[in-house]
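Structure at a glance
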Amino acid sequence: MKHIELNGQIREASNKAAVKAVRRAGQVPCNIYGLGMENILFSVDAQDLKTITHTPNSYIIDLKLNDGRGGCAVLHEVQYHPVTDEALHVDFLAVGTEKPVTIEVPVLVTGHAEGVKMGGKLLVSSRKLRVSAMMDKLPDILEVDSTPLKIGKQIVAGDLNYEGVTIVSPKATIICSVRPTRATQQAKMEAQQTGKKK
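Let me begin by describing the structure that accompanies this report. (Residues numbered from 1 in each chain as written. Predicted model: local features only at pLDDT ≥ 70, side-chain atom pairs only at ≥ 80, totals over all residues. Heavy atoms only, no water.)

**A short note on the layout of surface pockets**
Threshold: The pocket and cavity definitions rest on a 1 Å grid over protein atoms only: a 1.4 Å probe that fits but cannot leave marks a cavity, an open set with protein on both sides within 12 Å along at least five of seven lines marks a pocket, and residues lining either have an atom within 4 Å of a point. Grid points are joined across faces, edges and corners, and a volume is the space filled by probe spheres set on the points. Going along the chain from the N terminus, every DSSP run of H or I of four or more residues is numbered as a helix, and every run of E of two or more is numbered as a strand.
In this structure, the largest pocket spans a volume of roughly 330 Å³. Lining the largest pocket are 18 residues, with Ser 58, Leu 75, Ile 103, Glu 104 and Lys 128 positioned closest to its centre. Taken together, the elements giving at least two residues each to the lining of the largest pocket come down to helix 2 (46–53), strand 5 (70–80), strand 7 (101–110) and strand 9 (128–133).

So this is what it looks like as structure tokens:
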């Protein structure tokens, strides 16, 4: 999985006034925890943060704090403003090379489904799946081949298998499916009626 660098400024106070001051300065309050480390409060530039939050991609974040601390992390939780969709607060989870990392990875549906050739419509239901893997095994994308899908069939998370990667999302999570269109349903009905007339 690709790495992206993010610089942060240590912040001491966590009261409401201090948090508001951070936001007024164009920064987003954050914290990082995990791997037995103490909770560290810091802030990052709002525009820099968007390279991570406003993208379909997933990254391992190389966090560099102004006091010399930092390390590898993943986005754990982002609180957004209900109206402006701006990030209000971000939790980062520290990760390392010794333990599996759990993260959401984008899904890329490929191929030309059999059901689509027969007049059906391909529906993609999941754009990301939660997976767990050692850091060096984490994929940038999860490729899902839709070619075998016939009309009325679907691919679920439980059908997928990637070397060194465990799918954490529920096995019943639908990735993609081929639904019949009105035209295919009409053609089927007409074929059935023609068959009855014979």
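Moving on from the coordinates now.
**Structural notes on the sheet that holds strand 11 (residues 154–156)**
The condition is simple: Whether two strands pair depends on DSSP finding at least two bridges between them. For helices, the axis comes from a line fit to the C-alpha atoms of the stretch in contact; other axes are also lines fit to C-alpha atoms, and the angle between any two N-to-C directions lies between 0 and 180 degrees.
Ordered by their spatial adjacency, three strands build an open sheet running 8-13-11, and the pairing between neighbours is antiparallel. Only two strands of the sheet have a single partner each, and these edge strands are strand 8 (121–124) and strand 11. Sheet twist, expressed as the average angle between the axes of neighbouring strands with direction ignored, equals 10°.

**Considerations on the sheet that holds strand 3 (residues 37–45)**
Pairing is mixed in the closed barrel, where six strands are placed in the order 1-3-2-6-5-4. When the angles between neighbouring strand axes are averaged without regard to direction, this sheet yields 45°. The pairing of strand 2 (residues 27–34) with strand 6 (residues 87–94) spans four bridges and is parallel. In the sheet register, Tyr 33 faces strand 6, and the bridge partner there is Leu 93.

**Things to note about the pairing of strand 3**
Sheet topology places strand 1 (residues 3–10) next to strand 3; two bridges connect them, and they run antiparallel. The partner of Ile 10 across the bridge, within strand 3, is Phe 42. Sheet topology note: the strand 2/strand 3 ladder contains seven bridges and is antiparallel. Bridge pairing links Asn 31 to Leu 41 in strand 3. What sits between the antiparallel neighbours strand 2 and strand 3 is a turn of two residues, in which Leu 35 has the positive phi angle 55°.

**Concerning the nonpolar core**
Heads up, the condition is: Buried Ala, Val, Leu, Ile, Met, Phe, Trp, Tyr and Cys residues form a nonpolar core when they are joined through side-chain atoms within 4.5 Å. Buried means the residue's accessible area, taken with a 1.4 Å probe over protein chains only, is under 20% of the maximum for its type, while exposed means over 50%, and partly exposed covers the values in between. Whether two residues are in contact is decided by their heavy atoms, any of which lying within 4.5 Å being enough.
The biggest cluster of nonpolar side chains holds 26 residues, and the ones touching the most others in it are Val 131, Leu 138 and Ile 175. Elements supplying a minimum of two residues to this core: strand 7, strand 9, strand 10 (142–145) and strand 13 (174–179). Excluding its chain neighbours within four sequence positions, the residues that come into contact with Ile 175 are Val 107, Val 109, Leu 123, Val 124, Ser 125, Ser 126, Leu 129, Val 144, Ile 155, Val 156, Ala 157 and Leu 160. If you look at the next biggest cluster of nonpolar residues, it comprises 19 residues, including Val 28, Val 44, Leu 49 and Val 90.

**A look at the state of the cysteines**
For clarity, the threshold we go by: Here, the term disulfide refers to a pair of cysteine sulfur atoms separated by no more than 2.5 Å.
Scanning all chains against the criterion turns up zero disulfides. The closest cysteine sulfur to the non-disulfide-bonded Cys 72 is located on Cys 30, 17 Å from its own sulfur.

**Focus: the pairing of strand 4 (residues 60–65)**
Pairing of strand 1 with strand 4, which is carried by six bridges, proceeds in the parallel orientation. In the sheet register, Ile 4 faces strand 4, and the bridge partner there is Ile 61. For strand 4 and strand 5, the ladder comprises four bridges, and the chain directions are antiparallel. For Asp 62, the partnering residue across the bridge sits in strand 5 and is Cys 72. Connecting the antiparallel pair strand 4 and strand 5 is a turn made up of four residues, with Gly 68 showing a positive phi of about 95°.

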